[in-house]
Amino acid sequence: MSQADSELLERFVRAVASMVRLDSDHAATILRKLLSEKNGKGLSDEELEELTNIRQGEIRRILRLLYELRLASYRRGKHPETGATRYYWKLNLHTINNVLLSRKKSVLRNLELKLEYEENNQFYYCPLDGSRYTFDEAYEYDFQCPKCGSILEEDDRSEIKEVLRLVISRLRESIARDEERLARQ
Ligand SMILES: [Zn+2]
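Residues numbered from 1 in each chain as written. Predicted model: local features only at pLDDT ≥ 70, side-chain atom pairs only at ≥ 80, totals over all residues. Heavy atoms only, no water.

**Here we look at the pairing of strand 3 (residues 85-91)**
Here's step 1: One ladder, built from two bridges, connects strand 1 (residues 43-44) with strand 3; its direction is antiparallel. By the bridge assignment for strand 3, L43 is matched with W89.
Here's step 2: Sheet topology places strand 2 (residues 72-78) next to strand 3; seven bridges connect them, and they run antiparallel. Bridging across to strand 3, S73 finds its partner in K90.
Here's step 3: Hairpin connection from strand 2 to strand 3: six residues lie between these consecutive antiparallel strands, with G83 at a positive phi of about 80 degrees. (Pairing = 2+ DSSP bridges. Helix = DSSP H or I, 4+ residues; strand = E, 2+ residues; numbered from the N terminus.)

In structure tokens form, the structure reads like this:
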């Protein structure tokens, strides 16, 4: 998973965790431990406790949340020494990729709307106090700052628009790659 994808996933898990009043830092920590587990066996809540020093009760609530979101699943196994039943947790990469894809699409829609807004609107600012106005507002004030009376100047937003276009095109490429990958699974 790319760095950008795992950051997006982490933001999503943090947001959901705080919605259900779980500690979002702890949820992100558990997520990162599961993401870095490469041997395919999964991690038990006991192992997660050792790795993170988060209390087991809280770990279980976080795992339960990941399970309800279909981001993680578990298998039953036996403790290597005691033989007691253990649950080993793993991330569900197929669901995660779908979640990431739909998050990216909604981010893309927002950015496209933002760019459209920038392209269809002119902005003005006061050179003295920095206050900002849309064209309609500036027009209403006769292009004079309502706070200090300075003549408003047109704000050159080309740099922001350039950044938006760049981010949008990268995001579109990333979505196309994801869709191709998911189609092959
Ligand atoms: Zn002003």
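That shown, we press on.
**Overview of the packing of helix 2 (residues 24-36) against helix 3 (residues 45-52)**
Here's step 1: Viewed as axis vectors pointing N to C, helix 2 and helix 3 meet at an angle of 110 degrees, and their least axial separation amounts to 11 Å. By the angle between their axes, helix 2 is roughly perpendicular relative to helix 3. Where helix 2 crosses over helix 3, the two elements pack in a sense that is right-handed. Each of T29, I30, K33 and L34 in helix 2 lies in contact with helix 3, whose residues at this interface are L48, L51 and T52.
Here's step 2: Considered class by class, the residues forming the contact of helix 2 with helix 3 number four nonpolar, two polar and one charged. (Axes fitted to C-alpha atoms, helices over the stretch in contact; angles between N-to-C directions. Parallel < 35°, antiparallel > 145°, perpendicular 65-115°, else oblique. Left-handed = near helix turned anticlockwise from the far one by under 90°. Contact = heavy atoms within 4.5 Å. Nonpolar A, V, L, I, M, F, W, Y, C, P; charged D, E, K, R; others polar.)

**Concerning the domain arrangement of the protein chain**
Here's step 1: Annotation of the protein chain at the domain level lists domain 1 (3-91) and domain 2 (104-184).
Here's step 2: Using only C-alpha atoms to locate each centre, domain 1 and domain 2 end up separated by 39 Å. (Domains from an automatic or database assignment.)

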